[in-house]
Amino acid sequence: MLTSMPSPTDAQADLIAYLDFHVEAGADAVLDERPHDRFGEADTPAPTLRAPRRPAASPRPAAPSHSLVPPPGSPPPPSPAPARTFGRAASAQPEEAASDARARAREAKSLDELEKILADFDACPLRFTAKNLVFADGNPEARVMFLGEAPGADEDRIGKPFMGRSGQLLDKMMAAIGLDRTSAYIGNIVPWRPPGNRNPTPQEVAVCRPFVERQIELVDPEVIVCLGAPATQTLTGTKDGILRTRGRLFPYKLPTGEAKLLATLHPAFLLRQPVQKRLAWRDFRALRALLDGKA
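Residues numbered from 1 in each chain as written. Predicted model: local features only at pLDDT ≥ 70, side-chain atom pairs only at ≥ 80, totals over all residues. Heavy atoms only, no water.

Engineer: Help me understand the side chain of Asp283 in this model?
Structural biologist: Tracing the backbone shows Asp283 in helix H12 (residues 277–291). With a relative accessible area of 2%, Asp283 lands in the buried category. (Helix = DSSP H or I, 4+ residues; strand = E, 2+ residues; numbered from the N terminus. Buried < 20%, exposed > 50% of the residue type's maximum accessible area, 1.4 Å probe, protein only.)

Engineer: I would appreciate a short explanation of the sheet that holds strand E4 (residues 223–227) in the present structure.
Structural biologist: Strand pairing in a sheet relies on backbone hydrogen bonds. The paired strands run either parallel or antiparallel. Strand order in the open sheet made by the 6 strands is E1-E3-E2-E4-E6-E5, with mixed pairing throughout. Looking at strand neighbours, the two that pair on one side only are strand E1 (137–138) and strand E5 (249–254), the edges of this open sheet. By the bridge criterion, 4 bridges tie strand E2 (residues 144–148) to strand E3 (residues 185–188) in an arrangement that is parallel. Bridged to Met145 within E3 is Tyr185. On top of the sheet, helix H8 (residues 202–219) reaches E2, E3, E4 and E5; it is set at about 165 degrees to E2, its chief contact. Against the sheet, H12 contacts E2, E4, E5 and strand E6 (257–264), and its axis sits at roughly 160 degrees relative to E6. (Pairing = 2+ DSSP bridges. Contact = heavy atoms within 4.5 Å. Axes fitted to C-alpha atoms, helices over the stretch in contact; angles between N-to-C directions.)

Engineer: Can you walk me through the nonpolar core in this structure?
Structural biologist: Note on soluble globular proteins: their nonpolar side chains tend to be buried together. Counting 65 residues, the largest nonpolar core has Val144, Phe146, Trp192, Ile224, Leu235 and Leu287 as the members making the most contacts within it. When residues of this core are assigned to their parent elements, the largest contribution, 7 residues, is made by H8. Apart from the residues lying within four places of it in its own chain, the contact partners of Phe146 are Leu170, Met174, Leu179, Ala184, Tyr185, Ile186, Gly187, Val225, Leu227, Phe284 and Leu287. (Core = buried A, V, L, I, M, F, W, Y, C linked by side-chain atoms within 4.5 Å.)

Below, the structure is given as structure tokens:
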């Protein structure tokens, strides 16, 4: 015959409710047998602990004749292999890395050389978290150059810029004014995908900037189209957002003269806010007028 369990006392019920509250709050482990008043302990000065006296060291016995100590004149043992680091990116300071990038970028005499220099550049940590270097796509002899911010997951997997949904939209936008990837050159400010598709940090942009500036010089376009605020701010120095700078023309100095830089909305932004496509359409019509010599 089953007997009924005795009802808990008021004190036991309060204790059970107290424990249930802490379990629901995530405190499911007991670290000590008695509670601690941490707020009270914070007001109490910590006691000064005296280091224990170490016993006197006993004299070491002489090494036996069969010890592992190498005899005099023998070659030193091989040093252990150094711990693997992510190239100089693990220790290089941003200023040092950017200075090195400027020196290396100046060495490139062609786009192929620049791509190879970038592939060997180890002072940017993004190189070691990305799958591929996303250098460029399209025609380097084109009159117009499009620049975005950084590769996404599809671009990182394929190794070319604007390969995902935003790339498909960019292709449609170019086709609407008679352009395609054979009549345009496409790149990014940062050629490696940041982890998790996060925005590149100002330090990462500063390290990669000399390479994209040299890339622009080697392409020598008539018009540069910056897709989004990061590309526009990097190349123009403006602090304004893209909704204030879109549609505006900026001068961009090149060794051979001056190119026109047009700011517009990034295709990824248009996918999130389709109503803004009307503004991008105005910008692309202005781009067509520039290429036709009507602006």
